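Analysis of the macromolecular model
Each chain, letter by letter, is given below.
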Amino acid sequence: MKEKVITKIREALKNRADEKALQSSAHFFKEGEEALVYGVKMSEVEKIGKEFYRQIQDCSKEEIFGICEELWKSKYLEEEVVACLFSESLHRKYEPSDFQIFERWVQKYVNNWADCDTLCNHTVGTFVMMYPEYVNELKIWAKSSGRWMKRAAAVTLIIPARKGLFLKDIFEIADILLLDKEDLVQKGYGWMLKAASQAHQKEVFDYVTYKKAVMPRTALRYAIEKMPQELRTEAMRKI
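On a predicted model such as this, the values are computed, not experimentally measured, just so you know. (Residues numbered from 1 in each chain as written. Predicted model: local features only at pLDDT ≥ 70, side-chain atom pairs only at ≥ 80, totals over all residues. Heavy atoms only, no water.)

Examining the overall build of the chain
From N to C terminus, the chain includes 15 helices and 0 strands. Scaling as 2.2 N^0.38, a compact globule of 239 residues should have a C-alpha radius of gyration of about 18 Å, and the chain matches this with 19 Å. On the principal axes, the C-alpha backbone points of the chain span a range of 60 × 40 × 30 Å. Nonlocal contacts in the chain, meaning residues at least 24 apart in sequence, comprise 71% of its contacts between residues at least 6 apart. Taken as a whole, the chain presents about 11800 Å² of accessible surface, with 50% of it coming from carbon and sulfur. (Helix = DSSP H or I, 4+ residues; strand = E, 2+ residues; numbered from the N terminus. Rg over C-alpha atoms; globule rule 2.2 N^0.38 Å. Contact = heavy atoms within 4.5 Å. Areas by Shrake-Rupley, 256 points an atom, 1.4 Å probe, with all protein chains shown as cover.)

Some remarks on the pattern of salt bridges
This structure, assessed with the given rule, holds 19 salt bridges. A salt bridge links K139 to D169, with the nearest nitrogen and oxygen atoms 2.7 Å apart. Of this pair, K139 sits in helix 8 (residues 135-142) while D169 sits in helix 11 (residues 167-177), and the two are 30 residues apart along the sequence. Note on K139: relative accessible area 11%, which makes it buried. For D169, a relative accessible area of 13% corresponds to the buried category. Notably, a salt bridge pairs E172 with K168, separated by 2.6 Å at the nearest N-O pair. Here the residue E172 and the residue K168 both occupy positions in helix 11, the gap between them amounting to 4 residues, near one helical turn. Overlapping salt bridges bring together R16, E44, K47 and E51 as one network. (Salt bridge = Lys/Arg side-chain N within 4 Å of Asp/Glu carboxyl O. Buried < 20%, exposed > 50% of the residue type's maximum accessible area, 1.4 Å probe, protein only.)

Below, the structure written as structure tokens:
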């Protein structure tokens, strides 16, 4: 069953590959860090993911996670996105022990910002909202030596942050990542702060102005992007 489904998913992706999409995908990644892709538009990848999830939705969670694991192993971005669609679709069945599976996927398979964000924004972010005690695990990720684990710690909280959740934890994670040299980590925690500002504008503004003497400009610009012009100007003013 698993092998048959995976073969059909790969055939569907190859059949919907588009040369234009293949060429344009390189523009979204730094030179030398391009994702491995078939060249399928993301709207088509989502259609394929939904189409195949309907075929496997009566399988056990363990069987579907097994399919996800094989898709992750391929390293093709489109297969990883399908895996994320499958794991996100199972959210009503999440249990605390599933965190170990998601953590392993981040550690073992995530190798670019796109699959990091796709997995963490939805699957891991939803899990943490269901089991809030696991937000403390993200602080451990933030202290990792791996840049994708560090970015994952921040981008997992994007959707919860928009809902006004985990503000104290968001500031703690931002503190851990504050001086990180990797621009994709800076952008990740800056994005997290920007999301938090939608529900807690004053608190985030106060945080970034207090930290702006040391906060990298990349992170600062991301954090204040949704704020009114006068607050952005004040935040960017040199000390």
